[in-house]
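Below, each chain spelled out in residue letters.
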Protein chains: 2
Amino acid sequence: MTLTADQQRAAAKDAYASYLAECPSRQVLDIIGAKWATLVLLPLAEGPKRHSQLRARIAGASQKMLTETLRLLERDGLVAREVKQVFPAHVEYSLTPLGESLMPILWHMKDWAEVNMAEVEAHRRAAAD
Amino acid sequence: MTLTADQQRAAAKDAYASYLAECPSRQVLDIIGAKWATLVLLPLAEGPKRHSQLRARIAGASQKMLTETLRLLERDGLVAREVKQVFPAHVEYSLTPLGESLMPILWHMKDWAEVNMAEVEAHRRAAAD
């Protein structure tokens, strides 16, 4: 049986979708690989923060982008949003225990990068020559 | 100073580019987060494989997609390509020591997912209600 190019593309797309749905490491990559996700998780690992405090830490993040990222992390149960009933009332974001349990993976990646990225870069330069 | 919407977008793009360049965990995410990358790394962690053996393990991967992924991993020094001078001569792909050093991060993500993805899914369902 020969598939047309369109059929091949559709089959590849289906296969990739089922891989995404089933592969455990891919599921984690989808969470922490989302644009800005690590940038939000890393400051929250230091302690609860207001929206304005997070923005100040993340150069160039628009209000909209930050709000969207926080909603996604909240939806996944990694970040909790709490209205602080003090004066002035304000909203604070913090890592949930589930979010905290994800952090060692980020530290693990950070450690690997610090040890090994120079070697990766050297390979990239050699390949570009 | 008030930025126009275009200027804001440009600033956000610049900031994201410099974050990508500097953040160690992001650099690792860019390597293992590439489409199909984990699918290629996981079978190679079991031992060297030919192109056809890899294809057989990755349902739906086109020849082109697999070739591109292998080239990217080769460029980064994670995968080695070796021409085996036996009869019939063939090409074999294997993890380099650098590639092997990356695998514990993938196992770590896999373990986290197996323990925690049910809770993430439960949060997603609750958020969708």
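Up top you'll find the structure we're talking about.
Cut-offs used in this document
- Residues numbered from 1 in each chain as written.
- Chains lettered and ligands numbered in written order.
- Predicted model: local features only at pLDDT ≥ 70, side-chain atom pairs only at ≥ 80, totals over all residues.
- Heavy atoms only, no water.
- Least-squares fit on C-alpha atoms with pLDDT ≥ 70 in both.
- Contact = heavy atoms within 4.5 Å.
- Axes fitted to C-alpha atoms, helices over the stretch in contact; angles between N-to-C directions.
- Helix = DSSP H or I, 4+ residues; strand = E, 2+ residues; numbered from the N terminus.
- Parallel < 35°, antiparallel > 145°, perpendicular 65-115°, else oblique.
- Nonpolar A, V, L, I, M, F, W, Y, C, P; charged D, E, K, R; others polar.
- Pairing = 2+ DSSP bridges.

What follows deals with the relation of the copies chain A and chain B. For these two chains of identical sequence, chain A goes onto chain B by a turn of 180 degrees and a shift of 0.0 Å along the axis, with RMSD 0.0 Å. In short, the pair behaves as if placed about a two-fold rotation axis. The overlap is high: 100% of the interface residues of chain A also sit at the interface in chain B, so the same surface is used on both sides.

To continue, consider the packing of helix α2 (residues 24-32) of chain A against helix α6 (residues 97-128) of chain A. All names here are of chain A. Viewed as axis vectors pointing N to C, α2 and α6 meet at an angle of 85 degrees, and their least axial separation amounts to 12 Å. In terms of their interaxial angle, α2 and α6 are classed as roughly perpendicular. Residue-level contacts link V28, I31 and I32 of α2 to L102, I105, L106 and M109 of α6. The class makeup of the residues in the contact of α2 with α6 is 7 nonpolar, no polar and no charged.

What follows is about the pairing of strand β3 (residues 90-95) of chain B. Residue and element names in this part refer to chain B. Direction of pairing for strand β1 (residues 49-50) relative to β3: antiparallel, over a ladder of 2 bridges. Residue R50 lies in a different strand from β3, and its bridge partner there is E92. Of the pairings in the sheet, the one linking strand β2 (residues 79-84) to β3 comprises 6 bridges and is antiparallel in character. In the strand pairing of β3, A80 is matched with S94.

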